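Below, each chain spelled out in residue letters.
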Amino acid sequence: MNSARLHGDYGAVPFSPPAAQPADFSTFVAILKRSRWLIAAVVLGAVSAAQLYLWLKPPQYRAAVLLQIEARPDAIGSLLDRVAPAEEETTPISAEIELISSRRVLSEAVRRINGEVVAEPRHLPLFGAALARGHSEPGLASPWFGLRSYAWGGEKIHVRRLDVAPALLDVALELVAGDHGTYRVYDAEGAPLLSGRVGVLAQGGGVTLELGELLARPGTRFLLMRRSPASAADALRRVTTVREQGKQSGVLQLSVREDSPQAAALAANAVADAYVQQNVSRRSREAGLSLAFIERQLPRVRERLETAEDALNRFRLASSSADLQIETEGRLTRLLEVDKQITELRQKRDETAQQFAPQHPKMLALAQQEARLQTAANSLNDWVKKLPETQRNILRLSREVQVNTQLYTSLLDSLQEQRVVQGGSLGTARIVDYSIPPASPAGPGRSLVLVMGLIVGLFGGVAAALLRESLRQPLSDARWLERRLGLPVLGVVPHSTRQLLLSRTGPPMRCSVLAQDNPSDRAVESLRALPHMLRLIPPVYPPEPEADHTAQDQGQRLKPLWHDRQTVPQGGVWLICGAVAGAGKSFLSANLAVLMARSDVRVLLVDADLRNGSLHRSFGVQGYPGLSDLLEDKPVTPQRVADSALDFLPRGSLHPLPAALFTGSALARLVRHWASHYDLVLIDTTPVLEVADALALAPLADGCLLVIKPDHTKVEEVEAAVQRLAQAGGNVRGVVLNDMRPAPGESYAYSYGVR
């Protein structure tokens, strides 16, 4: 019977995915619940990766030094502040931070700790260093896997001196330990450079080397390298951090991170000492420059002072004038202060101009101060012009004397101060606290790394679950599958937990057919609708006669009026197959046969999977003799399943070439014989895409039913199976979705057998 006439025209149509269901929180939770094992696996993997990182990553120790930066102006600045306090200036902390990180300071620190020399044992890549760190017993660790050239823990090396030719700077050399304190050094290409002994200076190949200690088994390799000053300073800069403690506190924290607590403390103290020494040297040089400037100015100021005093004395004698009036004296004092400030500003500007350009902020600030003072001086000079001539002359001369006197005195004070600074060890920086070796590592933080691994694992697991859900093939959507295949979906069988228990815990000879064990199971209920979809309507029996009958008449029942039904073909033969193994075709065949037999339909169930057929286990009978024996012309009688009209023909004895049994006319004669003696013949066969047995049976059946397990079968496999069956002459009537687990937020296209 043609499927198109039974179920309408299901011609193939272009692919059109089903409409997306609106997502909500319950859908999201359902997706996470479905993918809980995937999420757990991703989280476990992320946490394991974090734990592996902690094991492989060497601990980092941080040693810190506290520095105090004091705000001290230079010589001329101090002179100016004593005469004319102007805007307050503080030492720029950011500039000091950059100075600490400068190559000059770090190179000096590297020289103090011999940081240009790198000497360390070679470990097995990836996890050799972690194994060596875990060695805590005295002595050398035993080599793993017989790899004696690598260091496995306990090795020591101390380099007293290492000098190399310029061409060998920043070149990794290899030192191989020998017997009794000897060693050999090779270049990067493996060429020997020199041989030596611990405690003895050795030279050769452009290398000068003296070892203070070498503890290793013979053959152990060490990395030996002398870095250039620039690369050594850059390496130290990468592990050095400088930051201010508090806002505008003037206190800096200098910290260094190293693999060893002693190395961290040593490097931090060396950087601090180098910076303080550089700060003192800089202050001393500045004091020398200021001292030279003051010494050049002193004779000139003294000469101007003497000239002003002589001029004032001569004018007083010549004019016989008295002292200035009180008001004039006050104005004179103010004028003298302004003139002195202007003079000091000009001297400050001349010295600053030696270091900065005219557009520098310091130069511009000095120009603004001078302009304000010049405005005040002009105002006072206008007042002086209104005085009598004698008073003006006395005021002018007295003004010159007092200005030069104050300036000369200030220069003398600054001269003494700069001599003290130049000869002493004072600077603007001092060390408050030296570093000590830290007791515990500063990183990596175990708890933080594990928590981050857990968080990353959770996010990754959720993302993987959502990605898998978005890529999930919509085989569970019946309408979409019908449009894709051009075939009707004749049934949807939900997942059965009871069937799972039966298949796992049932004894070998115990009946494990779900329709017999639990007829009310949802999967069984969904299968009850399948005969209607296949047009296998149960037969109708005529009423029993009311007259009395003999025991023989009462024991016989009339034959079913199957052949009077126009909806079912005579002796219907149906092939139950799957695209790939594991789709559940045997489950569907056994349960459908039991359900039909309970309706008094004469059913023959044939296990045509001669390779892996297992239907006999479901009914608790032997697997032989059976179909294979029957095809070899051996007499075989189908086994009657108790309390039903179901006959069962198992697979039979195992045959070395099962495919050879399906060739020839014997199989066709058997099928015709079955069709003439049974109302319904169900043949459970092999997967279509794996072996050709199903293709040999397909043209002999009235219809083929393809079983699909959505989470197990790909749509491309289903399409290929339908195409092969059609090419072999089979009539594919439709498909059945088996073991359905509803996707979150979705529902089946059919109402029967759906959770």
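Everything that follows concerns the structure shown earlier in this document.
A few points on the structure. (Residues numbered from 1 in each chain as written. Predicted model: local features only at pLDDT ≥ 70, side-chain atom pairs only at ≥ 80, totals over all residues. Heavy atoms only, no water.)

## Brief notes about the overall build of the chain
Here is the rule: The way it works is that DSSP assigns letters per residue, a run of H or I at least four long becomes a helix, a run of E at least two long becomes a strand, and they are numbered from the N terminus. Two residues qualify as a contact provided that any one of their heavy atoms is within 4.5 Å of a heavy atom in the partner residue. Areas reported as accessible are Shrake-Rupley estimates using a 1.4 Å probe. Residue values count occlusion only from the protein chains shown.
A tally of regular secondary structure across the chain gives 26 helices and 20 strands. Restricting to contacts in the chain with at least 6 residues of sequence separation, those with at least 24 account for 79%. On the chain, roughly 39100 Å² of surface is accessible, and the fraction owed to carbon and sulfur atoms is 54%.

## Some thoughts on the environment of D609
Mapping D609 onto the fold places it in the loop between strand 15 (603-607) and helix 21 (615-619). D609 sits 49 residues away from P658 along the chain, and the two C-alpha atoms are 8.9 Å apart. For D609, the contacting residues outside a window of four places in its chain are K585, R651, D684, T685 and T686.

## Re helix 8 (residues 229-238)
Selection criterion: Residue exposure (1.4 Å probe, protein chains only): buried if accessible area is under 20% of the type maximum, exposed if over 50%, otherwise partly exposed. The arc in question is the one spanned by the directions pointing from the helix axis to the C-beta atoms.
By the burial criterion, the buried members of helix 8 are A232, A233, A235 and L236. Seen from one end, helix 8 has its buried residues packed into an arc of 160°, which puts them on one side.

## Looking at a nonpolar patch on the surface
Applicable threshold: What goes into a patch is any residue over 30% in relative accessible area without a salt bridge, connected to like charges within 9 Å or, for nonpolar side chains (Val, Leu, Ile, Met, Phe, Trp, Tyr), within 5 Å. Each salt bridge in this description consists of a side-chain nitrogen of Lys or Arg and a carboxyl oxygen of Asp or Glu lying within 4 Å of one another.
Nonpolar side chains collect at one region of the surface, where L448, V451, M452, I455, V456 and F459 lie side by side and expose about 590 Å² of accessible area between them. Relative to the elements of secondary structure, I455 occurs in helix 13 (residues 446-471). I455 gets classed as partly exposed once you look at its relative accessible area, which sits at 36%.

## Regarding unusual backbone geometry
Cis geometry marks the peptide bond from G443 to P444; its omega dihedral reads -5°. Unlike most non-glycine residues, L126 shows phi in positive territory, near 80°. The class of L126 is exposed, set by a relative accessible area of 70%. A positive phi angle, close to 60°, is found at D170, a residue other than glycine.

## Concerning the sheet that holds strand 10 (residues 240-244)
Sheet strands pair by backbone hydrogen bonding; their relative direction is either parallel or antiparallel. We apply this condition: Should DSSP find at least two bridges between two strands, the strands are regarded as paired. To define axes, lines are fitted to C-alpha atoms, for helices over the stretch in contact only, and angles between the resulting N-to-C directions are given on a 0 to 180 degree scale.
Sheet architecture is open: 4 strands sit in the order 10-11-1-12, paired in antiparallel fashion. Bordering the open sheet on either side are strand 10 and strand 12 (429-433), each of which pairs with just one other strand. The mean inter-strand angle of the sheet, taken between neighbouring strand axes irrespective of direction, is 30°. Across 8 bridges, the pairing between strand 1 (residues 61-69) and strand 11 (residues 251-258) is antiparallel. The residue bridging R62 from the neighbouring strand is R257, located in strand 11. Across the face of the sheet, helix 5 (residues 93-100) comes into contact with strand 1, strand 10 and strand 11 while running at roughly 25° to strand 11.

## Topic: the pairing of strand 20 (residues 732-740)
On a regular strand, one side chain projects to one face of the sheet and the next to the other, so that they alternate. Let me state the cut-off plainly: With its strands directed away from the observer, a crossover is right-handed exactly when the path from the first strand over the helix to the second travels clockwise.
Here strand 20 lies mainly inside the structure; 9 of its 9 residues are buried. The sheet contact formed by strand 13 (residues 489-494) and strand 20 spans 4 bridges and is parallel. If you follow V489 over to strand 20, its bridge partner there is V735. As judged from the 5 bridges shared by strand 19 (residues 703-708) and strand 20, these two strands associate in the parallel manner. Within strand 20, the residue paired with L705 across the bridge is G734. Following the chain from strand 19 across helix 26 (residues 715-727) to the adjacent parallel strand 20, one finds a crossover that is right-handed.

## Some points on helix 6 (residues 103-112)
Regarding helix 6, the residues found buried are V105, L106, A109 and V110. Seen end-on, helix 6 carries its buried residues on one side only, within an arc spanning 135°. Facing away from the buried side of helix 6 by more than 90 degrees, the exposed set consists of R104 and R111. In the stretch just after helix 6, N114 is the one whose phi turns positive, near 55°.

## Overview of the pattern of salt bridges
The tally for this structure, following the rule as stated, stands at 22 salt bridges. A salt bridge links R237 to D234; the nearest nitrogen and oxygen atoms lie 2.6 Å apart. With a gap of 3 residues between them, R237 and D234 both fall in helix 8, about one helical turn apart. The class of D234 is partly exposed, set by a relative accessible area of 25%. Residues D517 and R498 are paired through a salt bridge, measuring 2.7 Å at the closest nitrogen-oxygen approach.

## As for the packing of helix 6 against helix 8
Helix-helix packing is characterised by the crossing angle of the two axes and by the distance between the axes. Heads up, the rule is: Angles are sorted into four bins: roughly parallel if under 35 degrees, roughly antiparallel if over 145, roughly perpendicular if 65 to 115, and oblique for all others. Gly falls in the polar group here, along with every residue not listed as nonpolar (Ala, Val, Leu, Ile, Met, Phe, Trp, Tyr, Cys, Pro) or charged (Asp, Glu, Lys, Arg).
The geometry of helix 6 relative to helix 8 is characterised by a closest axis approach of 9 Å and an angle of 95° between their N-to-C directions. On the basis of the axis angle, helix 6 is roughly perpendicular to helix 8. Here R103, L106, S107, A109 and V110 of helix 6 come into contact with helix 8, specifically with P229, A230, A232, A233, D234, L236 and R237. Among the residues making up the contact of helix 6 with helix 8, the classes are represented as 8 nonpolar, 1 polar and 3 charged.

## Regarding the sheet that holds strand 6 (residues 192-197)
Reading across from one edge, 2-9-4-5-6 is the order of the 5 strands in this open sheet, with antiparallel pairing throughout. Single-partner strands in this sheet number two, and they are strand 2 (117-121) and strand 6. Within the sheet, the average angular offset between the axes of one strand and its neighbour, ignoring direction, is 20°. Here strand 2 runs beside strand 9 (residues 221-226); their pairing, made up of 5 bridges, is antiparallel. Paired with E120 across the strands is L223, a residue of strand 9.

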